[in-house]
Amino acid sequence: MSRYTALFLVLALSICAAASRAGEVSAPAVAEPSQDSAPAAVAPAPTASAAVPEAPAASPAAPTTALAAPEVKPVEKPAQAKPKEEPAKAPEEKPVEKPLQASAAKLQPVADSYQKAHDDFMAWLRSASEKLAAVEQKIADLKSKITENEAKITKLKVDSAPAPQARGLEAQTKGLWDQLKAEQDRRDRMSRALGRAAEQKVRELNESASGAVETASAQLR
């Protein structure tokens with residue numbers, strides 16, 4: 001390469017460098033915002049409070065005239081017919097017995113004697129029953145009195161009452177026990193006697209009925 005060519009290249013590079021510097025100087029400077037000039041705050045748009053229109057006051061309801069339900073009258077039940085009063089039943093009449101044949105009729109006194117024996121025996125038995133019932137009642141009264149006295153004696157001893165009071169009741173109770181034993185023995189004797197008396201009573205009634213049979217049968221001979 002010649003010396004001229006090198007000079008030419010140096011010259012060209014110098015020109016290019018100069019032109020480049022000239023372009024940087026001539027470019028308009030971009031103004032940077034200063035710290036003092038802060039951007040103006042954007043005022044918020046006024047928020048128009050959407051005023052909700054007040055609902056008109058409810059007009060007083062017109063009085064509603066409620067239709068009254070028709071009054072339902074209770075259904076009247078038909079009066080129940082009174083039950084017919086049945087006429088009082090007449091006492092049942094015993095069937096009329098046929099009269100006995102003449103020969104059989106002569107033995108009617110025998111049947112009558114047995115009916116009489118039945119009535120006599122029942123009357124005697126009721127009398128004996130009343131006597132035994134009186135003894136039984138006395139026995140029950142004595143047992144009740146003895147129980148009452150023994151309860152009193154026990155209470156006196158628990159309460160540490162004076163000894164003479166308890167001794168008096170004890171003596172009385174001992175007498176009651178003696179009476180109770182006597183009445184129980186009496187009841188047992190009366191029961192045994194009743195059995196023997198019943199045998200004797202039946203014999204007497206049988207004799208009476210037997211006499212009626214002999215008398216009536218004699219008429220048929």
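Preceding this section is the structure that the text describes.
It should be emphasised that the depicted structure is a prediction, and the values quoted were computed from it without experimental measurement. (Residues numbered from 1 in each chain as written. Predicted model: local features only at pLDDT ≥ 70, side-chain atom pairs only at ≥ 80, totals over all residues. Heavy atoms only, no water.)

### Brief notes about the overall build of the protein chain
Part 1: Summing up its helical and strand segments, the protein chain has four helices and zero strands in all.
Part 2: Reading the protein chain from its N end, one meets helices and strands in the order α-α-α-α.
Part 3: Counting every position in the protein chain, which comprises 221 residues, the buried fraction comes to 11%.
Part 4: Nonlocal contacts in the protein chain, meaning residues at least 24 apart in sequence, comprise 80% of its contacts between residues at least 6 apart.
Part 5: About 19,700 Å² of surface is accessible on the protein chain, with carbon and sulfur atoms providing 60% of the total. (Helix = DSSP H or I, 4+ residues; strand = E, 2+ residues; numbered from the N terminus. Buried < 20%, exposed > 50% of the residue type's maximum accessible area, 1.4 Å probe, protein only. Contact = heavy atoms within 4.5 Å. Areas by Shrake-Rupley, 256 points an atom, 1.4 Å probe, with all protein chains shown as cover.)

### Points about the pattern of salt bridges
Part 1: Summed over the entire model, instances satisfying the criterion amount to ten salt bridges.
Part 2: Across the salt bridge formed by Glu-136 and Arg-187, the nearest N and O atoms sit 3.4 Å from each other. Of this pair, Glu-136 sits in helix α3 (residues 108-158) while Arg-187 sits in helix α4 (residues 163-218), and the two are 51 residues apart along the sequence.
Part 3: For Glu-136, a relative accessible area of 38% gives the class partly exposed.
Part 4: In this structure, Lys-174 engages Asp-178 in a salt bridge whose closest nitrogen and oxygen atoms are separated by 3.8 Å. One end of the pair, Lys-174, and the other, Asp-178, are both in helix α4, four residues apart, so they sit about a helical turn from each other.
Part 5: The exposure class of Lys-174 is exposed, given its relative accessible area of 55%.
Part 6: In the salt-bridge network here, residues are joined through shared partners; they are Glu-136, Arg-187 and Asp-188. (Salt bridge = Lys/Arg side-chain N within 4 Å of Asp/Glu carboxyl O.)

### A look at the packing of aromatic side chains
Part 1: Scanning the model with the defined rule gives one aromatic pair in all.
Part 2: With a centroid separation of 5.6 Å and an interplanar angle of 40 degrees, the aromatic rings of Phe-121 and Trp-124 are classed as tilted. With Phe-121 and Trp-124 both in helix α3, this residue pair falls three residues apart, about one helical turn. (Phe/Tyr/Trp six-rings, centres within 6.5 Å; stacked < 30°, edge-to-face > 60°.)

### A closer look at the nonpolar core
Part 1: Ranked by size, the top nonpolar core spans six residues in total: Val-135, Ile-139, Leu-142, Ile-146, Leu-176 and Leu-180.
Part 2: For this core, the secondary structure elements donating two or more residues are α3 and α4.
Part 3: Counting residues per element, this core draws most heavily on α3, at four residues.
Part 4: Those residues in contact with Ile-139 that sit more than four places away from it in its chain are Leu-180, Glu-183, Gln-184 and Arg-187. (Core = buried A, V, L, I, M, F, W, Y, C linked by side-chain atoms within 4.5 Å.)

### Topic: α3
Part 1: The end-to-end C-alpha distance of α3 is 76 Å, a good match for the 75 Å that 51 residues give at a rise of 1.5 Å each.
Part 2: Every buried residue belonging to α3 is among Val-110, Ser-113, Ala-117, Ala-128, Leu-132, Val-135, Ile-139, Leu-142, Ile-146, Asn-149, Ile-153 and Leu-156, and all of these are buried.
Part 3: Next to the buried residues of α3 lie α4.
Part 4: One or two residues past the end of α3 sits Ser-160, with phi positive at roughly 55 degrees. (Expected span 1.5 Å × (residues − 1).)

### A few points about the environment of Ala-111
Part 1: Along the chain, the position of Ala-111 falls in helix α3.
Part 2: Note on Ala-111: relative accessible area 42%, which makes it partly exposed.
Part 3: Taking the C-alpha atoms as reference, Ala-111 lies 8.5 Å from Ala-209; in sequence the two are 98 residues apart.

### A look at the packing of α3 against α4
Part 1: Where α3 contacts α4, the two axes come as close as 9 Å, and the packing angle between them is 175 degrees. When the axis of α3 is compared with that of α4, the two are roughly antiparallel.
Part 2: Of the residues belonging to the contact of α3 with α4, the class tally is 29 nonpolar, eight polar and 14 charged. (Axes fitted to C-alpha atoms, helices over the stretch in contact; angles between N-to-C directions. Parallel < 35°, antiparallel > 145°, perpendicular 65-115°, else oblique. Nonpolar A, V, L, I, M, F, W, Y, C, P; charged D, E, K, R; others polar.)

### Thoughts on the side chain of Lys-201
Part 1: The topology assignment puts Lys-201 in helix α4.
Part 2: Buried and without a salt bridge, Lys-201 has Glu-204 as its closest oppositely charged side chain, separated by 4.3 Å.
Part 3: In this structure, Lys-201 is in contact with Asp-120, Phe-121 and Trp-124, ignoring residues within four places of it in sequence. (Lys, Arg positive; Asp, Glu negative; His and termini not counted.)

Purely spatial values, then, with no claim about function.
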